[in-house]
Amino acid sequence: MLRAIYPGSFDPVTKGHMDIIERAADIADELIVGVLQNKAKTPLFSVEERVTMLSEVTKNMKNVKIVPFEGLLIDFAQQMDAKVIVRGLRAITDFEYELQMSQTNRKLNSDVETIFLTTSLDYSYLSSTTVKEVASFGGDISQFVPKFVAGKITEKIRERGENKNE
Ligand code: PNS
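Cut-offs and rules
Residues numbered from 1 in each chain as written. Predicted model: local features only at pLDDT ≥ 70, side-chain atom pairs only at ≥ 80, totals over all residues. Heavy atoms only, no water. Phe/Tyr/Trp six-rings, centres within 6.5 Å; stacked < 30°, edge-to-face > 60°. Buried < 20%, exposed > 50% of the residue type's maximum accessible area, 1.4 Å probe, protein only. Helix = DSSP H or I, 4+ residues; strand = E, 2+ residues; numbered from the N terminus. Expected span 1.5 Å × (residues − 1). Bend = angle between axes of the 7 residues up to and from the residue. Contact = heavy atoms within 4.5 Å.

Peer 1: Explanation requested: the packing of aromatic side chains in the structure shown.
Peer 2: Within a pair of aromatic rings, the relevant descriptors are the distance that separates the centres and the angle that separates the planes. Tallied over the full model, the rule gives three aromatic pairs. Pairing Tyr6 with Phe10 gives two aromatic rings, centres 5.3 Å apart and planes at 75 degrees, and the pair type is edge-to-face. Across the pair, exposure class does not vary: Tyr6 and Phe10 are buried alike. Geometrically, the ring pair formed by Phe69 and Phe76 is stacked, given 4.6 Å between the ring centres and 10 degrees between the ring planes.

See the structure below:
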């Protein structure tokens with residue numbers, strides 16, 4: 001039984017993340033999407049909101065579970081009894097950080113392997129940060145994030161009065 005973790009901030013989940021979730025869920029028997037609660041950062045969405053959005057957009061994927069975590073990813077992997085960490089690679093610019101992270105994690109616990117899936121070309125340019133930027137100027141984000149998530153982003157930006165066009 002292969003249990004894998006796909007960790008991230010998911011602030012918010014994009015179609016690029018969805019592509020990795022779908023493909024990783026095809027490989028693993030069980031895929032845990034680990035949502036980082038990073039107290040040092042101020043995300044647009046709280047960890048509860050990010051978990052809710054991910055749960056909604058993965059509700060038809062029977063072997064996918066959404067779980068928030070704090071602290072070290074490698075400790076979370078151990079708690080979940082997961083042997084594999086999955087990360088997406090979009091472009092060469094991701095590589096250095098991902099290599100550093102995977103090697104550090106391997107030093108911390110060599111029983112857990114990191115595997116990389118290359119993001120589909122359709123989404124290789126996409127990031128949560130650019131989605132938030134486009135949305136903050138009132139741009140159309142429907143091609144970048146699932147419909148449910150697009151609604152939540154628009155709502156959040158309106159709520160915070162952060163539409164830079166207004
Ligand atoms: O979506 P992101 O922000 O690229 O995800 C980064 C994440 C959550 C995978 C990474 O920041 C992480 O694992 N954070 C937990 C703390 C930790 O274990 N750091 C790695 C040691 S090198």
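Peer 1: How should I be thinking about helix H4 (residues 92-108) in this particular structure?
Peer 2: Given 3.6 residues to a turn, an α-helix orients residues that are three or four positions apart in the same direction. Its 17 residues give H4 an end-to-end C-alpha distance of 25 Å, which sits within 8% of 24 Å, the value for a rise of 1.5 Å per residue. Roughly 25 degrees is the biggest bend found in H4, and it falls at Glu98. Among the residues of H4, those classed as buried are Asp94, Glu98, Ser102 and Asn105. Of the surrounding elements, those touching the buried residues of H4 are helix H3 (73-79), strand S4 (84-89) and strand S5 (113-118).

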